Amino acid sequence: VIIHAVPFGKGGTMATITDLNPVKTAERKLLHAERFLASITQFCAEAIIGLDEKGLIQTWNIGAEKMFGFKGEEAIGKSPEQFLVPEDRVSNGEFQQLIQEVKMKGLVRNFESVRIHKNGKPISVSLTFSAVKDDSGAIIGISALYRDITAQKKWEHELQDRFVKMQDAYKEMGKQRRYLDYLVDMITMAGDGNHSAKQIANFVVNALVMITRVDAATLRLLDEKSGKLVLSALSGLGEEWWSKKSILYSGSLLESSVKNGHPLKILDILNDPHYSSPSLARKNNLRSALIVPIEAKGEVLGSLTLYLSHESNLSLLDDEFISIFVKQAALAMKLAN
């Protein structure tokens, strides 16, 4: 209790007695709540770090010790930039920007970043910064909550990788389906007796431009009597290409390809001494070419040439499919004749 006594002039005293039990009970509850909250903060599994208004560490809970490997005495009084923030993020001012933002907005929630463990390994974290204010509303510190999302990020990356692989698999399935559709259409054209070799040649060049995404294609058939390769079909080229209607087979790039037994890649057709139409190629902005012999049962029927505007794209061509497709084209044109 509190006793307050007031004396009277002629003797005697008037006293008031106040029971303090309710006040003491409230104080004990408040103290218990504060201790309980402090215990939760101190032993929380997540890292909770108290910073002053300048960003220097004032408190460092057990969660922070476990997450980052540093003891409280190693961290308190320092800026996280001194030991916790990666150098590249110190250079771009990430931590200072967070401090300024929380001072302006009062809260920065779920900001994803990276911090460094004492052993040097990076840790993916989600940060939540909250401003701590006094009764007047002035900022006296900052509460920083860190969640370790390393496992979550790893799972997200694995999930993304699986998704990309599934997409690639579906694309490959779709590509193979398109390949088969073109092959079936070509064989059907040859077998129905209603299409000429020239029509099949047009189908072949257009199909290969669509499938391989090359810039242009030409197909020449060999005239055995004249010994010339006669232009039969083209795709992606102007009418001026017909001015080079025929070229001699002897000494041609096709002859070299046949002798070597495989398609011939030319990185720079503009400066190759054996290429016969550099001016046309330059006019159509073509740089590289793949020359594929069209053969059936050892007989040379002609050549298929695929053109590209960038030589780097030459390595991206599916040579195996192109060879198979051209072999089927040779049989189809043989049947059509």
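Here we summarise the structure given alongside this text. Numbers given to residues run from 1 along each chain, matching the order in which its sequence is written. For this predicted model, a pLDDT threshold of at least 70 governs which residues receive local features, and a threshold of 80 or more governs which side-chain atom pairs are given and counted, while totals over whole chains, interfaces and linings are taken from all residues. For the side-chain quantities, the full set of heavy atoms in the structure was used; hydrogens and water were omitted.

Considerations on a nonpolar patch on the surface
Among the surface-exposed residues, Val1, Ile3 and Ile17 lie close enough to one another that they form a single nonpolar patch of about 350 Å² accessible area. Only DSSP runs of H or I covering at least 4 residues are called helices, and only runs of E covering at least 2 are called strands; the numbering of each starts at the N terminus. Along the chain, isoleucine 3 turns up in strand β1 (residues 2–7). Take isoleucine 3: its relative accessible area is 58%, and that puts it in the exposed class. Think of a patch as exposed residues, more than 30% relative accessible area, with no salt bridge, where like charges cluster within 9 Å and nonpolar side chains (Val, Leu, Ile, Met, Phe, Trp, Tyr) cluster within 5 Å. Note on areas: Shrake-Rupley, 1.4 Å probe, and residue coverage restricted to the protein chains presented here. Salt bridges are identified by distance alone: a Lys or Arg side-chain nitrogen within 4 Å of an Asp or Glu carboxyl oxygen. Three exposure classes are used, based on accessible area relative to the maximum for each residue type with a 1.4 Å probe and protein chains only: buried under 20%, partly exposed in between, and exposed over 50%.

Digging into helix α5 (residues 94–105)
End to end, α5 covers 16 Å across 12 residues, agreeing with the expected 16 Å (1.5 Å per residue, within 8%). Within α5 the residues assigned to the buried category are Glu94, Phe95, Leu98, Ile99 and Val102. Summarising the axial view, the buried residues of α5 lie within an arc of 140°, below the 170-degree limit, and thus occupy one face. In α5, the exposed residues that point more than 90 degrees away from the buried face are Gln97 and Met104. Note on contacts: a residue pair is in contact if any heavy atoms of the two residues lie within 4.5 Å. Considering only its buried residues, α5 is in contact with β3 (47–51), α4 (87–91), β5 (107–116), β6 (122–133) and β7 (139–148). Directly beyond the C-terminal end of α5, a positive phi value near 90° is found at glycine 106. Expected span of a helix, by definition, is 1.5 Å for each gap between consecutive residues, and there is one gap fewer than residues. The arc refers to the directions leading from the helix axis to the C-beta atoms.

So, the nonpolar core
In this text, buried Ala, Val, Leu, Ile, Met, Phe, Trp, Tyr and Cys residues form a nonpolar core when linked through side-chain atoms within 4.5 Å. One finds Met186, Val204, Leu219, Leu304 and Phe325 to be the most contacted residues of the largest nonpolar core, which totals 36 residues. Looking at this core, the elements that each hand over two or more residues are α6 (150–191), α7 (197–212), β8 (216–223), β12 (288–296), β13 (299–308) and α10 (319–336). In terms of residue count, the dominant contributor to this core is α7 (10 residues). Not counting residues within four places of it along the chain, the set of residues in contact with methionine 186 comprises Ile200, Phe203, Val204, Phe325, Gln328, Ala329 and Ala332. Membership of the second largest hydrophobic core comes to 26 residues, among which are Ile49, Val85, Leu98 and Ala144.

Describing the environment of serine 288
Tracing the sequence through the fold places serine 288 in strand β12. Considering only alpha carbons, one finds serine 288 and leucine 308, 20 residues apart in sequence, at a separation of 5.2 Å. Ignoring anything within four residues of it in the chain, the contact list for serine 288 reads Ile266, Leu267, Ile269, Leu306, Tyr307, Leu308, His310, Glu311 and Leu314. Here the side chain of serine 288 touches leucine 267 through a polar contact of 2.5 Å, landing on its backbone oxygen. Distance and chemistry together define a polar contact, namely a pair of N or O atoms within 3.5 Å, with one atom able to donate a hydrogen and the other to accept it when in protein, and with adjacent residues in sequence counting only for side-chain atoms on both sides.

Structural notes on the sheet that holds strand β9 (residues 228–235)
On the basis of which strands lie adjacent, the open sheet formed by six strands has the order β10-β9-β8-β13-β12-β11 and antiparallel pairing. Looking at strand neighbours, the two that pair on one side only are β10 (246–248) and β11 (264–266), the edges of this open sheet. Sheet twist, expressed as the average angle between the axes of neighbouring strands with direction ignored, equals 25°. What makes two strands pair is DSSP finding at least two bridges between them. Sheet topology note: the β8/β9 ladder contains seven bridges and is antiparallel. Every axis in this analysis is a line fitted to C-alpha atoms, fitted for helices over the stretch in contact. Angles between the N-to-C directions lie between 0 and 180 degrees.

What to know about the environment of alanine 329
Residue position: alanine 329 is located in helix α10. On the accessibility criterion, alanine 329 (1% relative accessible area) is buried. Once the C-alpha coordinates of alanine 329 and glutamate 295 are considered, the two residues, 34 residues apart in sequence, prove to be 9.1 Å apart. Excluding anything up to four places from it in sequence, alanine 329 contacts Met186 and Val204.

A few points about unusual backbone geometry
One non-glycine residue, asparagine 110, lies in the positive phi region at around 50°. One can find asparagine 110 in strand β5. For asparagine 110, a relative accessible area of 43% translates into the label partly exposed. The backbone of arginine 213 shows a phi angle near 60°, a positive value even though the residue is not glycine.

Considerations on the pairing of β7
Two elements, β3 and β7, share five bridges in a ladder whose sense is antiparallel. Directly across from alanine 47, in β7, lies its bridge partner tyrosine 146. Pairing between β6 and β7: nine bridges, direction antiparallel. Across the sheet, leucine 127 pairs through a bridge with tyrosine 146, a residue of β7. Hairpin connection of β6 to β7: five residues between the antiparallel strands, including glycine 137 at a positive phi of 95°.

Let's talk about the sheet that holds β3
Read from one edge of the open sheet, five strands run β4-β3-β7-β6-β5, paired in antiparallel fashion. Each edge of the sheet is formed by a strand with only one pairing partner; in this case those strands are β4 (57–60) and β5. Recorded for the sheet is a direction-independent mean angle of 25° between the axes of neighbouring strands. Relative to β4, β3 is paired through three bridges, and the arrangement is antiparallel. Bridge assignment links leucine 51 to a residue of β4, and that residue is isoleucine 57. Here α5 sits on the sheet in contact with β3, β5, β6 and β7, set at roughly 165° to β5.

Some details on the environment of glutamate 65
Mapping glutamate 65 onto the fold places it in helix α2 (residues 62–68). Between the C-alpha atoms of glutamate 65 and alanine 75, which are 10 residues apart in sequence, the distance is 9.3 Å. What glutamate 65 contacts, discounting residues up to four positions off in sequence, is Trp60, Phe70, Lys71 and Gly72.

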